[in-house]
Amino acid sequence: MTGWLAPGVRPRHARRRAWSWASIGLAPALLIGGIAVAGSQGPTDVGNVELSVGSTVTLIGHGHGHGRGLGQWGAYGYARKGWSANQILRHYYGGTTAGKVDRPEILVKLTQQSSVNVHADAGMRVGGQPVAPGQAVSLSGNTATILSGCGGGAVRTVRVPQPFVEPINMGPSRPPAEFLKFCGSNTAYRGALGYDGGGVANKLHVDDYVKGVIPRESVPAWGDSGGMEALKAQAVAARTYALAAIAGGKKIDDTQNSQVYGGVSGEDPRTNKAADATAGQIRLQNGRPAFTEFSASTGGYTAGGRFPAVADAGDSASPNHNWTAEVSAGSIGSAFGVGALRSFEVIEANGLGPENGRAIKVRAVGSAGTVETTGEEARTKLGLKSSWFAIKGQTTRPKIVTPPTGPGAGGSLDFGSLNQLVDQVVPGASQLLSLATDAMNGKVGDLGGITGPLGKALGLPALTLDGTGVTQLFEQGMLFFTRQTGAHALVGAGLARYQARGGIAVLGFPTRDVLR
């Protein structure tokens, strides 16, 4: 989910010299964010920070992980403040609505298993035939051999149209006697075990799957310290994430490529309680399971993306809320492949939070060339905890490119509180607001974000008096949304003409964009 600090980080250059460093008798100098860092062989300009080429660069960072969607430590912090799981989910996944599972059975590839030889205390079923307690089943292709026990002699063989051994009941939350266990290791799983796509797979109810995920992806002990609502939110996020991945054509496995899943051995009573309390609950976006990414710590502000970026006051509980990293110039140059490093700088950031927010783009300049890359790629190259980092001593401010932000950002009302407020004014309005937020964020993105024709948003979305639609005011125009018309933008003279002719009251909500 997140990486450890690598031995080095690469800085970027600030100004180009018209002469070579060798021509003036100096060792190569680093230019870090506009501050010249000279070699020990020559003097520096007045006010510069003196460092040798072999010295380290200090990065100031926040958070752990990609920061998109739910922040797990932030959820814990909010739970301790009294937030419910639904409030937490609405806050991090702006524009989503509550939904229910419509396809409960999923397949999970078990990467650590190579064959299916299983038994169950209560017995099993294979190919429609019962297998008695104490007997075992060995699968080979479409043939199941029923054995007198693990390692015992063959009792009979059964042709199976689908190569799976099932428990006596495929329903969720079954008792331990019905768990299938691998012969030898006794590793237990809920649901069925068999083969899919050439590998061993676990077929089970998504609610049972979540029980094997939450303890591996979160902290069960939070349930003992006021964090049960955070564990419930994690259960919903994990359940939704799996269904969204499957809907997108992705195969689920038991590794970090999907979500870490440990079967029954990975379960914990506290997280099982959270899974049971939220059984069947998911988040929907545009009527489908939302891609509910999550990471350990946002650093105090989510990164945006599929969901509006929001302030994350709960993240103050995180041990990685603030961090620093010391990296050598040499390791930076090596990581970016630019040779002897001359400069390293954050040149674009999202402007959300301290130190200009997350690094969007960085530039490294060295003796072998120049490399520009994203903040996320820089994080990977340097083994940093997150892409929210700044270079200590950088004086040139990066270009600020702010993603769409949600109602919880910048000290405004959080999405959960806003939902509660509008439901008091217009019953059922929270669902309309959720749909509108999602559609409007998509429209802003399609139009180029805050640098597009609408500019920056002003204030909170305002429900119209009749409750049928939502409007959002921007610096240069307005967005309008209803379920029937979708989201449309009016800008400049187009907005002025619309308002002069009577606006919503006379013309209704716009059905197309007018951007001039």
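Residues numbered from 1 in each chain as written. Predicted model: local features only at pLDDT ≥ 70, side-chain atom pairs only at ≥ 80, totals over all residues. Heavy atoms only, no water.

Draft legend 1. A look at the sheet that holds strand E20 (residues 288-289). The strand order across the open sheet formed by three strands is E5-E19-E20, and the pairing between neighbours is antiparallel. At either margin of the open sheet sits one strand with a lone partner, and together these are strand E5 (97-100) and E20. Here strand E19 (residues 281-285) pairs with E20 via two bridges, running antiparallel. Each residue of the ladder has a partner; that of glutamine 285, found in E20, is arginine 288. Of the strands in this sheet, E19 and E20 are in contact with helix H4 (residues 228-247), which crosses E19 at around 55 degrees. (Pairing = 2+ DSSP bridges. Helix = DSSP H or I, 4+ residues; strand = E, 2+ residues; numbered from the N terminus. Contact = heavy atoms within 4.5 Å. Axes fitted to C-alpha atoms, helices over the stretch in contact; angles between N-to-C directions.)

Draft legend 2. Focus on the confidence of the model for the protein chain. A residue-level look at the protein chain finds 80% of positions with pLDDT of 70 or above and a mean pLDDT of 83. The model gives residues 1-52 a pLDDT under 50, and that stretch makes 153 contacts with residues more than four places away or in other chains. Every residue in residues 408-426 scores below 50 in pLDDT, and together they form 45 contacts with partners more than four places removed in sequence or on other chains. (pLDDT = per-residue confidence, 0-100.)

Draft legend 3. Examining the sheet that holds strand E24 (residues 359-366) more closely. Reading across from one edge, E25-E24-E23-E27 is the order of the four strands in this open sheet, with mixed pairing throughout. Both outer strands of the open sheet, strand E25 (369-374) and strand E27 (399-400), are each paired with one neighbouring strand and no more. Across seven bridges, the pairing between strand E23 (residues 341-349) and E24 is antiparallel. Bridge pairing in E24 places valine 346 opposite valine 362. Of the strands in this sheet, E23, E24 and E25 touch helix H6 (residues 329-336), which is tilted by about 70 degrees from E23. Helix-sheet contacts for helix H7 (residues 375-382) involve E23, E24 and E25, and the interaxial angle to E25 is about 110 degrees.

Draft legend 4. Region of the structure containing the state of the cysteines. Counted according to the given criterion, the structure contains one disulfide. The disulfide bridge from cysteine 150 ends at cysteine 183, spanning 2.0 Å between sulfur atoms. Looking along the S-S bond of the cysteine 150-cysteine 183 disulfide, the torsion reads about -70 degrees, which is the left-handed sense. Of the two residues, cysteine 150 is situated in the loop between strand E11 (143-147) and strand E12 (154-159) and cysteine 183 in the loop between strand E14 (180-182) and strand E15 (188-189); the sequence distance between them amounts to 33 residues. Take cysteine 150: its relative accessible area is 41%, and that puts it in the partly exposed class. Of the residues examined, cysteine 183 reaches a relative accessible area of 25% and is grouped as partly exposed. (Disulfide = S-S within 2.5 Å. Buried < 20%, exposed > 50% of the residue type's maximum accessible area, 1.4 Å probe, protein only.)

Draft legend 5. Geometry of helix H1 (residues 72-80). The buried count for H1 comes to seven of nine residues, which makes it a mostly enclosed element. Among all positions of H1, only Gln72, Gly74, Ala75, Tyr76, Gly77, Tyr78 and Ala79 are buried. Looking at the packing, one finds that the buried side of H1 touches strand E4 (70-71), helix H2 (85-92), helix H3 (206-217), H4 and strand E21 (294-295). Immediately downstream of H1, the backbone of glycine 82 shows phi near 105 degrees, a positive value.

Draft legend 6. Looking closely at the environment of valine 206. Relative to the assigned elements, valine 206 resides in helix H3. Taking C-alpha positions, valine 206 is 9.6 Å from alanine 238, a pair spaced 32 residues apart along the chain. Excluding its chain neighbours within four sequence positions, the residues that come into contact with valine 206 are Val101, Pro104, Ile106, Arg239 and Leu243.

Draft legend 7. Spotlight on unusual backbone geometry. Of note in this structure, asparagine 286 is not a glycine but carries a positive phi near 55 degrees. Its location among the elements puts asparagine 286 in the loop between E19 and E20. Backbone geometry places asparagine 356, a non-glycine residue, at a positive phi of 65 degrees. Relative to the assigned elements, asparagine 356 resides in the loop between E23 and E24. With relative accessibility at 24%, the residue asparagine 356 sits in the partly exposed group.

Draft legend 8. How the structure looks around the packing of aromatic side chains. Considering all chains together, one arrives at 14 aromatic pairs under this definition. Arranged with centres 5.0 Å apart and planes meeting at 70 degrees, the rings of tyrosine 93 and phenylalanine 307 form a pair that is edge-to-face. Note that tyrosine 93 is positioned in the loop between H2 and E5 and phenylalanine 307 in the loop between E21 and strand E22 (323-328), a separation of 214 residues in sequence. An aromatic cluster of three or more residues is present, and its members are Phe182, Tyr189, Tyr209 and Tyr261. In this structure, lysine 203 is placed above the aromatic ring of phenylalanine 164, and the distance from its NZ or CZ to the ring centre is 4.4 Å. Across the ring face of phenylalanine 336, the terminal group of lysine 381 is positioned such that the distance to the ring centre comes to 5.6 Å. (Phe/Tyr/Trp six-rings, centres within 6.5 Å; stacked < 30°, edge-to-face > 60°. Lys NZ or Arg CZ within 6 Å of the ring centre and 35° of its normal.)

Draft legend 9. Highlighting the nonpolar core. Grouped together as the largest cluster of nonpolar side chains are 40 residues, with contacts concentrated most on Val126, Val137, Val165 and Tyr209. Looking at this core, the element that brings in the most residues is H4, giving six residues. With residues up to four places along the chain from it excluded, the contact list for valine 165 reads Val116, Val118, Met124, Arg125, Val126, Val137, Leu139, Leu180, Ala192 and Leu193. In this structure, Leu89, Tyr93, Met228 and Ala290 belong to the second largest nonpolar core, which totals 22 residues. (Core = buried A, V, L, I, M, F, W, Y, C linked by side-chain atoms within 4.5 Å.)

Draft legend 10. Highlighting the pairing of E11. As paired strands, strand E10 (residues 136-140) and E11 are joined by five bridges and run antiparallel to one another. From the neighbouring strand, serine 140 faces E11, where its bridge partner is threonine 143. Following E10, the chain reverses through two residues before pairing antiparallel with E11; glycine 141 in that reversal takes a positive phi of roughly 60 degrees.

Draft legend 11. Highlighting empty space enclosed by the protein. Under the counting rule described, the total for this entry stands at one cavity of 30 Å³ or more. Estimates place the volume of the largest cavity at around 80 Å³. Lining the largest cavity we find 13 residues, and of these Asn169, Gly171, Arg174, Arg190 and Gly191 sit closest to its centre. (1 Å grid on protein atoms, 1.4 Å probe; cavity = no way out; pocket = protein on both sides within 12 Å on 5 of 7 lines; lining within 4 Å. Points joined across faces, edges and corners; volume = space filled by probe spheres on them.)

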